[in-house]
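# What the coordinates show
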Amino acid sequence: MKEKQLIFITGILGLVASITVGLGEFLLHYSNQLIGNSENYNFFTFVPRNNLIYGHFLAVIGTPLYFVGYYHIYKMLKGKENKWAFIVFTLGIIAFTVGGFWITSRAFLGTIVHLKEQMNSNTYMQILDNYTLLSESLVQVLRVVILLLSIFFIISILKSKTYYNKWMVITNPILLLILVFSVYFIAPSIGKYIAPIAMNVVHFILFSLSLYQFNKNYK
């Protein structure tokens, strides 16, 4: 396979990842009662059991494609010609390994919340506390990794010759993530649809613009 075809296909697969995992995470997390029910993960009460199942498997199927998508970004940063590109690629792999561990826990958590009334309240809260420590803490790790990834993405574009125009620095994941959550706070009626799948919205934008830059600049 020619390199041009490889870069294009891996970019498309990255885009597919953002759509597939985004749809899965939407099924896992969204309900009309999402706002105002975040305490103790109570929003899961309103997510149908079938949504938990379908959402889980969609997210699991789609997550490995993010690794392929970050190979596309690595190549768009000109890989071995750019000493920063491998750092971005490595951090992308770490980010979605951590994110993958987290997403696979959500359907099980939702099931636990559904069974709340059948459990001793003390036991129930202990389970939630353990979940918060063991799994929800991964979200904080993910955000730190995405921040570092974004810094090196910006450095890579500004300091090296890539297939990206310089304005692509503003599409770094951490800035896009902040913008997505800003929509949630400014316009909750819209933001409630994208905040539960924020990281996937971010990467849908990133891979879409990357493919645009590929078609425009790759020679």
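Residues numbered from 1 in each chain as written. Predicted model: local features only at pLDDT ≥ 70, side-chain atom pairs only at ≥ 80, totals over all residues. Heavy atoms only, no water.

## As for the packing of helix α2 (residues 49-76) against helix α3 (residues 85-103)
Test applied: Note on definitions: angles span 0 to 180 degrees between N-to-C directions of axes, and those axes are lines fitted to C-alpha atoms, for helices only across the stretch in contact. Helix and strand assignments follow DSSP, with helices taken as H or I runs no shorter than four residues and strands as E runs no shorter than two, numbered in order from the N terminus. Comment on the angle field: the value is read as roughly parallel under 35 degrees, roughly antiparallel over 145, roughly perpendicular from 65 to 115, and oblique elsewhere. Throughout, a residue-residue contact means that at least one pair of heavy atoms, one from each residue, lies within 4.5 Å. Ten residue types, Ala, Val, Leu, Ile, Met, Phe, Trp, Tyr, Cys and Pro, are classed as nonpolar, four, Asp, Glu, Lys and Arg, as charged, and the remainder, Gly among them, as polar.
Packing of α2 against α3 brings their axes to within 9 Å, and their N-to-C directions diverge by 175°. Of the possible angle classes, the one that applies to α2 and α3 is roughly antiparallel. On α3, the residues touching Ala59, Thr63, Tyr66, Phe67, Tyr70, Tyr71, Ile73 and Tyr74 of α2 are Ala85, Phe86, Val88, Phe89, Gly92, Ile93, Phe96, Thr97, Gly100 and Ile103. Split into classes, the residues belonging to the contact of α2 with α3 amount to 14 nonpolar, 4 polar and no charged.

## Overview of α3
To be explicit about the condition: Helix span, as expected, comes to 1.5 Å for every residue beyond the first. To sort residues, take the accessible area from a 1.4 Å probe on protein chains only and compare it with the maximum for the residue type: under 20% means buried, over 50% means exposed, and anything in between is partly exposed.
Its 19 residues give α3 an end-to-end C-alpha distance of 27 Å, which sits within 8% of 27 Å, the value for a rise of 1.5 Å per residue. Within α3, the full set of buried residues consists of Ala85, Val88, Phe89, Leu91, Gly92, Ala95, Phe96, Val98, Gly99, Gly100, Trp102 and Ile103. Along its buried surface, α3 packs onto α1 (3-29), α2, α4 (106-114), α5 (121-159) and α8 (198-217).

## With respect to unusual backbone geometry
Here the phi dihedral of Asn40 falls at roughly 55°; this positive angle occurs in a residue that is not glycine. Residue position: Asn40 is located in the loop between α1 and α2. One non-glycine residue, Tyr41, lies in the positive phi region at around 60°. Looking at the element boundaries, Tyr41 is found in the loop between α1 and α2.

## Regarding the packing of α2 against α8
Packed helices, taken two at a time, are described by the angle their axes make and the gap between the axes. Stated formally: Each helix crossing is assigned a hand: it is left-handed if the near helix lies turned anticlockwise from the far helix by less than a right angle, otherwise right-handed if that turn is clockwise.
Two numbers describe how α2 lies on α8: the axes approach to 11 Å, and their chain directions differ by 40°. On the basis of their axis angle, the class for α2 and α8 is oblique. Handedness of the crossing formed by α2 with α8: left-handed. Two secondary-structure elements touch here, α2 through Tyr66, Gly69, Tyr70, His72, Ile73 and Met76 and α8 through Met199, Asn200, His203, Leu206, Phe207, Ser210, Leu211, Gln213 and Phe214. Its residues assigned to classes, the contact of α2 with α8 shows 9 nonpolar, 6 polar and no charged.

## Quick word on the nonpolar core
Within soluble globular proteins, side chains that are nonpolar tend to cluster in buried spots. Defined as follows: Nonpolar cores are built from buried Ala, Val, Leu, Ile, Met, Phe, Trp, Tyr and Cys residues. Side-chain atoms within 4.5 Å join them into one set.
Of all hydrophobic cores here, the largest spans 58 residues; its most connected members are Tyr41, Phe44, Tyr70, Ile73, Leu77, Phe153 and Tyr164. Secondary structure elements with two or more residues in this core: α1, α2, α3, α4, α5, α6 (173-186) and α8. The dominant element in this core, judged by the number of residues it contributes, is α5, at 10 residues. What Phe44 contacts, discounting residues up to four positions off in sequence, is Leu28, His29, Leu52, Arg106, Leu109, Gly110, Val113 and His114.

## Observations regarding the packing of aromatic side chains
Rules: Pairing of aromatic rings covers Phe, Tyr and the six-membered ring of Trp, with a centre-to-centre limit of 6.5 Å; geometry is then stacked below 30 degrees between planes, edge-to-face above 60, and tilted otherwise.
One pass over the structure, following the stated rule, counts 18 aromatic pairs. Relative to Phe96, the ring of Tyr70 has its centre 5.9 Å away and its plane inclined at 40°; by these criteria the two rings are tilted. Residue Tyr70 is found in helix α2, and its partner Phe96 is found in helix α3; the two are separated by 26 residues along the sequence. Per residue, the accessibility class of Tyr70 equals that of Phe96, and both read buried.

## Thoughts on the side chain of Asn217
Our working rule: As used in this structure description, the phrase polar contact means that two N or O atoms lie within 3.5 Å; if the pair is within protein, one of them must be able to donate a hydrogen and the other to accept it, and residues adjacent in sequence are counted only when both atoms belong to side chains.
Position of Asn217 among the secondary structure elements: in helix α8. A polar contact is formed between the side chain of Asn217 and the backbone oxygen of Tyr163, at a distance of 2.9 Å. If sequence neighbours within four positions are ignored, Asn217 has contacts with Tyr163, Tyr164 and Asn165.

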